[in-house]
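# Structural characterization, general
Here are the chains, one letter per residue:
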Amino acid sequence: MESKILNASELTELQQIVQEQSQFVDVLRNELAKSIIGQQYMLDRLLLALLTNGHILLEGVPGLAKTLAIKSLSEAVAVDFSRIQFTPDLLPADIVGTMIFFYHKGTFEVKKGPIFSNFLLADEINRAPAKVQSALLQAMQERIVTIGEHTYPLPEPFLVMATQNPLEQEGTYPLPEAQIDRFMLKVVISYPKYEEERMIMRLNTTGEFPKIQACVSSDEILRARNTVKSIYMDEKIEQYILDIVFATREPEKYNLSEIKSYISYGGSPRASISLAMASRAYAFLQHRAYVIPDDIKAVVKDVLRHRIGLTFEAEAEQISTELIIDKIIQRIDVP
């Protein structure tokens, strides 16, 4: 299957469509800025996941507005929001729901769990055991939930934002590599800047919290998803994406033998798919109808950092996945 090449008039027409359908992005950003100071990087990654029907794993210390971000986004899009605090005693039924027997009726009825919402916050996902994580990740992949003999579709749009606390590792259950691959993006967020924290402090000590108003409909989001799929990607850009991903698997073929001993496994085909989708969505956020190499560079760490396995040698030498990605980006020829 060959990629379609657009002529000048087709690209101009597509640009007009993207310009029209991406107008809500700036409105949404301005609305979210009422309650979230800074953290634009995190908010944009949430939008990337939303526009590509993906999910996002956030890693950061407590107090960085992770919960506030997705709650504010749900209010701005006017959709249902649920939050699950993952704990060691959590059961799969606490997430997806279960069958309850009503004695006076003599029948079982389905009690749906909190996963049946548009936006779901899985708070500290690594604090629950594997069977609970699996219940969530299966629903993320297949967009359906089976309870008893019945299967139910999840609402659209559906977005899971899971969080991990990098500080505390005791009593946690790290996500297996095959399961963490289900997350389209893994975003590492840091502390706010000095002046941003001054504004956060003032906002929280005065008690004057502005209310987020609904400014985008879920129908607009679903329409935008279809437009994102039509964002033009040249064959050279496709090749650039594949070269980056294949360099994580076979670094020696890309003159990167120095990092081969640091990589135990590279990105799966999901890495290529996610990098293509995320770069298209990033172009959409920039109101552009075509992908450029800078779009790929902007999202590559979020797509790949959880898809590259490190060897003991890398950990001993304190080599991170981010450093490996940087070396790959520096070596691969830019189209």
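Residues numbered from 1 in each chain as written. Predicted model: local features only at pLDDT ≥ 70, side-chain atom pairs only at ≥ 80, totals over all residues. Heavy atoms only, no water.

### Quick notes on helix H15 (residues 321-331)
Heads up, the condition is: Exposed residues in this analysis have more than 50% of their type's maximum accessible area, buried residues have under 20%, and partly exposed residues fall in between, with area computed by a 1.4 Å probe over protein chains only. Put simply, DSSP H or I for four residues or longer makes a helix, DSSP E for two residues or longer makes a strand, and each gets a number counted from the N terminus. Note that the arc is defined by the directions from the helix axis to the C-beta atoms.
Within the sequence span of H15, burial applies to Thr321, Ile324, Ile325, Ile328 and Ile329. Seen end-on, H15 carries its buried residues on one side only, within an arc spanning 135 degrees.

### Some details on the packing of helix H12 (residues 269-285) against helix H13 (residues 293-304)
Let me state the cut-off plainly: Here the axes come from fitting lines to C-alpha atoms, over the contacting stretch only for helices, and the angles between their N-to-C directions go from 0 to 180 degrees. Reported orientations rely on four angle classes, namely roughly parallel under 35 degrees, roughly antiparallel over 145, roughly perpendicular from 65 to 115, and oblique for the rest. Here a crossing is called left-handed whenever its near helix is offset anticlockwise from the far helix by less than a right angle, and right-handed whenever the offset is clockwise. Any pair of residues with heavy atoms lying within 4.5 Å of one another is described as a contacting pair. Residues are grouped as follows: Ala, Val, Leu, Ile, Met, Phe, Trp, Tyr, Cys and Pro are nonpolar; Asp, Glu, Lys and Arg are charged; every other residue, Gly included, is polar.
The geometry of H12 relative to H13 is characterised by a closest axis approach of 9 Å and an angle of 135 degrees between their N-to-C directions. For the element pair H12 / H13, the angle class is oblique. Between H12 and H13 lies a crossing whose hand is right-handed. Side by side, H12 and H13 meet where Ala271, Ser274, Leu275, Ala278, Ser279, Tyr282 and Ala283 of the first sit next to Asp295, Ile296, Ala298, Val299, Val300, Val303 and Leu304 of the second. In terms of residue class, the contact of H12 with H13 is made up of 11 nonpolar, two polar and one charged.

### Some details on the nonpolar core
The line we're drawing: Put simply, a nonpolar core is a bunch of buried Ala, Val, Leu, Ile, Met, Phe, Trp, Tyr and Cys residues held in one set by side-chain atoms that sit within 4.5 Å of each other.
Formed by 75 residues in total, the largest nonpolar core has its most connected members in Phe24, Leu73, Ile244, Leu275 and Phe284. Top contributing element to this core by residue count: H12, with nine residues. Look past the residues within four positions of leucine 275 in its chain and what remains in contact with it is Ile241, Ile244, Val245, Ile296, Val299, Val300 and Val303. The next biggest cluster of nonpolar side chains, apart from the first, holds 28 residues, and it includes Leu57, Val96, Tyr152 and Leu175.

### Considerations on the side chain of glutamine 164
Here glutamine 164 is to be found in strand E8 (residues 159-164). Assessed through its relative accessible area of 10%, glutamine 164 is described here as buried. Apart from the residues within four sequence positions on either side, glutamine 164 is in contact with Leu57, Leu58, Glu59, Gly60, Ile125, Asn126, Leu175 and Lys186.

No statement about biological role is implied by the geometric values presented.
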